[in-house]
Amino acid sequence: MSNSQPIYQRILLKLSGEALMGKFDYGIDPEVITRIATEIAHVNQLGVQIAIVIGGGNIFRGAGLAQGGMDRVTADHMGMLATVMNCLALQDALEGMDVYCRVMSAVKINQVCEDYIRRRAVRHLEKGRVVVFAAGTGNPYFTTDSAASLRASEINADIMLKATKVDGVYDDDPHKNPNAKMYDKIKYDDAINKKLAVMDATALVLCRDNNIPLRVFNLFNEGALTKIIEGEAIGTLVTGA
């Protein structure tokens, strides 16, 4: 690893639930979550305050269940509980590496994790603990991308990092179009107007209105998170300027 100093003091890392599946069709791949936890632990050792939001698509996706005929509110509540399971798994992996970690849930489930209280979350971060935000916003009809933008705004994160399966933001689906062009940098308004598959519009507007830059990068490029923390221009930077 590099000996460079981090350029960010506090970050919000957004992980998709699907990324945790690894080679599986469902659930959590222990090898993947261990690798992710190892990289988070290294960044934590650099003195960076890390907050994390994880989706639940590897277990349940509320919108998908709703499309199948289930009541949308019920489906979204199931999706929120799925995120809690993923957050507990990441907490376990981090604690196995001697990293202090707290899971804070937007829905009351305090027999297994803490309730989300903004001031307490900030205090955990200031003490060097990794904080994992579970259960989205606690409300149906909101994605975990929106939850990540909300939490990043609430804790005054220096940047939001979205870890994906592709190298950045493209003008078309790179899996379907080999000629798709990746942006090195793009404005929030352009991403919204062009309907690029970065995050949903609510999440983008939250980041834009609160002046939080967003960097989209490939989770599976080993060491990418550390390189971004040290200032390397990896992936796509989305900003208001």
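Residues numbered from 1 in each chain as written. Predicted model: local features only at pLDDT ≥ 70, side-chain atom pairs only at ≥ 80, totals over all residues. Heavy atoms only, no water.

**Looking at the sheet that holds strand E5 (residues 130-134)**
Here comes step 1: If you walk across this open sheet you meet the nine strands as E4-E3-E5-E2-E1-E6-E10-E11-E9, and the pairing is mixed. The open sheet has two free edges, formed respectively by strand E4 (114-115) and strand E9 (185-187), since each of these has just one partner strand.
Here comes step 2: Strand direction decides the pairing type here: strand E1 (residues 10-15) and strand E6 (residues 159-164), joined by five bridges, are parallel. In the sheet register, Leu 13 faces E6, and the bridge partner there is Leu 161.
Here comes step 3: Here helix H3 (residues 72-95) sits on the sheet and contacts E1, strand E2 (49-54), strand E3 (101-105) and E5; the angle it forms with E3, its principal contact strand, is near 170 degrees.
Here comes step 4: Across the sheet, helix H5 (residues 144-154) touches E1, E2, E5 and E6, and the angle it forms with E1 is around 175 degrees. (Pairing = 2+ DSSP bridges. Helix = DSSP H or I, 4+ residues; strand = E, 2+ residues; numbered from the N terminus. Contact = heavy atoms within 4.5 Å. Axes fitted to C-alpha atoms, helices over the stretch in contact; angles between N-to-C directions.)

**Here's the deal with the packing of helix H1 (residues 30-45) against H3**
Here comes step 1: Contact pair H1 / H3: the axes reach a minimum separation of 9 Å and the direction vectors enclose 60 degrees. Overall, the two elements H1 and H3 adopt an arrangement that is oblique. Crossing hand, H1 versus H3: right-handed. Mapping the contact onto sequence places Ile 33, Ala 37, Ile 40 and Ala 41 in H1 and Asn 86, Ala 89, Leu 90, Ala 93 and Leu 94 in H3.
Here comes step 2: A breakdown of the residues in the contact of H1 with H3 according to their chemical character gives eight nonpolar, one polar and no charged. (Parallel < 35°, antiparallel > 145°, perpendicular 65-115°, else oblique. Left-handed = near helix turned anticlockwise from the far one by under 90°. Nonpolar A, V, L, I, M, F, W, Y, C, P; charged D, E, K, R; others polar.)

**Quick notes on the nonpolar core**
Here comes step 1: Counting 42 residues, the largest nonpolar core has Ile 40, Ile 52 and Leu 90 as its most contacted members.
Here comes step 2: The set of elements that each furnish at least two residues to this core consists of E1, H1, E2, H3, E3, E5, E6 and helix H8 (224-229).
Here comes step 3: With seven residues, the single largest contributor to this core is H1.
Here comes step 4: In this structure, Ile 52 is in contact with Leu 12, Leu 13, Leu 15, Ile 40, Leu 90, Val 130, Val 131, Val 132 and Phe 133, ignoring residues within four places of it in sequence.
Here comes step 5: Listed in part, the 30 residues of the second largest apolar core include Ala 51, Tyr 183, Tyr 188 and Val 238. (Core = buried A, V, L, I, M, F, W, Y, C linked by side-chain atoms within 4.5 Å. Buried < 20%, exposed > 50% of the residue type's maximum accessible area, 1.4 Å probe, protein only.)

**Structural notes on the layout of surface pockets**
Here comes step 1: Approximately 1,000 Å³ is the volume attributed to the largest pocket.
Here comes step 2: Lining the largest pocket are 44 residues, and of these Ser 16, Glu 18, Arg 61, Asp 145 and Lys 162 lie nearest its centre.
Here comes step 3: A per-element tally of the lining of the largest pocket places H3 first, with five residues.
Here comes step 4: Residues of the lining of the largest pocket, tallied by class, amount to 14 nonpolar, 16 polar and 14 charged. (1 Å grid on protein atoms, 1.4 Å probe; cavity = no way out; pocket = protein on both sides within 12 Å on 5 of 7 lines; lining within 4 Å. Points joined across faces, edges and corners; volume = space filled by probe spheres on them.)

**Focus: the pattern of salt bridges**
Here comes step 1: What the rule picks out here adds up to 12 salt bridges.
Here comes step 2: Here Arg 208 and Asp 209 are joined by a salt bridge, their closest N and O atoms 3.0 Å apart.
Here comes step 3: With relative accessibility at 29%, the residue Arg 208 sits in the partly exposed group.
Here comes step 4: A network of salt bridges, in which partner residues are shared, links Lys 14, Asp 145 and Lys 162. (Salt bridge = Lys/Arg side-chain N within 4 Å of Asp/Glu carboxyl O.)

The values reported here are purely geometric and, on their own, carry no functional implication.
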